[in-house]
Amino acid sequence: MAKRSAPEVNAGSMADIAFLLLIFFLVTTTMEKDSGISRKLPPMEESEEDVVIKQKNIFTVLLNGKDQLLVEDELMELKDLRAAAVEFLDNGGGENADGQKCDYCKGKRDPNSSDHPDKAIISLANNRETSYKAYISVQNELVGAYNELRNRRALEIGPQQGFRDMNFIEMQKNYKDVNWPGNRKKLEEVIDQIKKEYPQKLSEVLK
Amino acid sequence: MSKFKKKKGGDLPAVNTASLPDIVFMLLFFFMVATVMREDTLMIENRLPSADQIEKLEKKNLVMYIYVGKPSSSYKAKYGDEARIQLNDKFAQVTDIQAFIAAERASKREEEIPYLTTSLRVDKEANMGIVGDIKQELRKANALKLNYTTTQGDVSNNN
């Protein structure tokens, strides 16, 4: 008896089926963008005692209802904010709480500006009518000022600890990366030191 | 010399489409892998502002989303033109946030609760008033880790 060959399956419609699925996934796809500016809110319980902070250690940033930016009671363009914040934070005109001078600051050491990065506070006030985009722009510039100083410091002390050509952002990224081959414990120490030298002190007020 | 005789001219040979399914399947697999199904159906306009000093949010299952924006065109007649809060497919009031946080916490394992982050997805045209109210509620609920979700880009794109 002659061998019966199996009938061939017609695969002509396979492309159509695949196209159908493809179009479904194309339509439902949303490339999720889950990144942003991270902040920590202050806890609810207010400490009763009033802390006295010298006026020169506070850098006031005010955004009014018309999205105008007022820095230390003067109008300012958004693009100048980062430089002004860096100058304020990095001034190092005095001593910190332990009576130490800021030996890593490169500012003007103006006695009328902030004493020490440890004491310098940025106060961000905004109005109920301020638009969210203006607020985010200002937040971004202020975080940028801190990052700029931290990056500079990381490039200074990194090489002594064996982390050459790595700025603060890259240090944090490497620290989170499980596959990073370097010495994590040492890196953590460096990150903590930089965070301590340039602490983010940002207080927010809604007016 | 019929060896080099020209083939019958005229009609073009058909393009071989046998590899078309393979190509399509390749694309299909790419999109299947890259797809994240939207968890919430947005009922509001949500154009995020851009910023460049951003950090990536890790552990997507430990993120709570709060959306703020103007109701989209199909809801405008019913809900008006003011920016509103959306939690889980529904419009909500500021006072609902604490209950929402509690519900989100209850759905997670106990050891994960300290790592929960709130992602604020606020339309760039919204006012800070509503954002300030949300922040106050989050403080009351003791959900202090916050992320202002933005797109990557220069701040000058915000205007």
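Here, the structure is the one placed above.
Criteria and cut-off values
Each chain has its residues counted from 1, following the order in which its sequence is written. The order in which chains are written sets their letters, starting at A; the order in which ligands are written sets their numbers, starting at 1. For a predicted model such as this one, the threshold for reporting local features is a pLDDT of at least 70, and the threshold for listing and counting side-chain atom pairs is 80 or more; totals across whole chains, interfaces and linings nevertheless cover every residue. Every helix listed is a DSSP run of H or I at least four residues long, and every strand listed is a run of E at least two residues long, numbered separately from the N terminus. We compute the radius of gyration over the C-alpha atoms and compare it with the globule rule, which gives 2.2 Å times the number of residues raised to the power 0.38. Using C-beta atoms placed from the backbone, we call a residue buried if 20 or more other C-beta atoms fall within 10 Å of its own, exposed if 12 or fewer do, and partly exposed for counts in between. By the convention adopted here, residues are in contact when the distance between their C-beta atoms, placed from the backbone, does not exceed 7 Å. For helices, the fitted line uses only the C-alpha atoms of the stretch in contact; every axis is such a line through C-alpha atoms, and the angle between N-to-C directions lies from 0 to 180 degrees. For classification, angles of less than 35 degrees are called roughly parallel, those exceeding 145 degrees roughly antiparallel, those between 65 and 115 degrees roughly perpendicular, and all remaining angles oblique. With the far helix as reference, a near helix turned anticlockwise by less than a right angle produces a left-handed crossing, and one turned clockwise produces a right-handed crossing. Residues are grouped as follows: nonpolar covers Ala, Val, Leu, Ile, Met, Phe, Trp, Tyr, Cys and Pro; charged covers Asp, Glu, Lys and Arg; every other residue, Gly included, is treated as polar. To form a nonpolar core, buried Ala, Val, Leu, Ile, Met, Phe, Trp, Tyr and Cys residues must be joined through C-beta atoms within 7 Å.

**Q** Explain the overall build of chain B to me, and be specific about the residues and the numbers.
**A** Per the secondary structure count, chain B includes 4 helices and 7 strands. In chain B, the succession of helices and strands from N to C terminus is α-β-β-β-α-β-β-α-β-α-β. Whereas a compact globule of 159 residues would reach a radius of gyration of roughly 15 Å, chain B reaches 26 Å, over 25% beyond that. Here chain B, with 159 residues, has 28% of them falling under the buried criterion. Taking contacts inside chain B between residues at least 6 apart in sequence as the whole, the part at least 24 apart equals 78%.

**Q** Residue-level account of the packing of helix H3 (residues 132-157) of chain A against helix H5 (residues 184-197) of chain A, with values.
**A** All names here are of chain A. Where H3 contacts H5, the two axes come as close as 10 Å, and the packing angle between them is 135°. Between H3 and H5, the crossing angle belongs to the class labelled oblique. Taken as a pair, H3 and H5 cross one another with a handedness that is right-handed. Listed contacts from H5 to Arg-150, Arg-153, Ala-154 and Ile-157 of H3 are Val-190, Ile-194 and Glu-197.

**Q** Could you give an account of the interface of chain A and chain B, with specific residues and numbers?
**A** Each partner contributes residues to the interface: chain A has 42 residues there, and chain B has 48 residues. Looking at the side of chain A that touches chain B, the elements with two or more residues in it are helix H1 (14-28), strand S1 (35-40) and H3 of chain A. In terms of residue count, the dominant contributor to the side of chain A that touches chain B is H3 of chain A (11 residues). Looking at side-chain class alone, the side of chain A that touches chain B contains 18 nonpolar, 15 polar and 9 charged residues.

**Q** Quick one: what's the story with the nonpolar core, residue by residue and with numbers?
**A** Counting 52 residues, the largest nonpolar core has Ala-85 of chain A together with Val-68 of chain B as its most contacted members. Broken down by element, the residue count for this core peaks at 11 residues, all from H3 of chain A. Setting aside chain neighbours within four positions, we find Ala-85 of chain A in contact with Phe-59, Ile-122, Leu-142 and Ala-145 of chain A.

**Q** Mind laying out unusual backbone geometry, listing which residues take part and the relevant values?
**A** A negative phi holds for most residues other than glycine; trans holds for most peptide bonds. One non-glycine residue with positive phi stands out, namely Asp-73 of chain A, at about 65°. Considering the arrangement of structural elements, one finds Asp-73 of chain A in the loop between strand S3 (69-71) and strand S4 (74-75). Unlike most non-glycine residues, Asn-88 of chain B shows phi in positive territory, near 45°. Take Asn-88 of chain B: it is sitting in the loop between strand S4 (84-87) and strand S5 (90-92). When the 16 C-beta atoms within 10 Å are taken as the criterion, Asn-88 of chain B is described as partly exposed.

**Q** Can you explain the environment of Thr-41 of chain B? Please cite residues and give values.
**A** Position of Thr-41 of chain B relative to the elements: it lies in the loop between helix H1 (20-34) and strand S1 (50-51). Taking the C-alpha atoms as reference points, Thr-41 of chain B and Lys-90 of chain B, 49 residues apart in sequence, are found 8.9 Å from one another.

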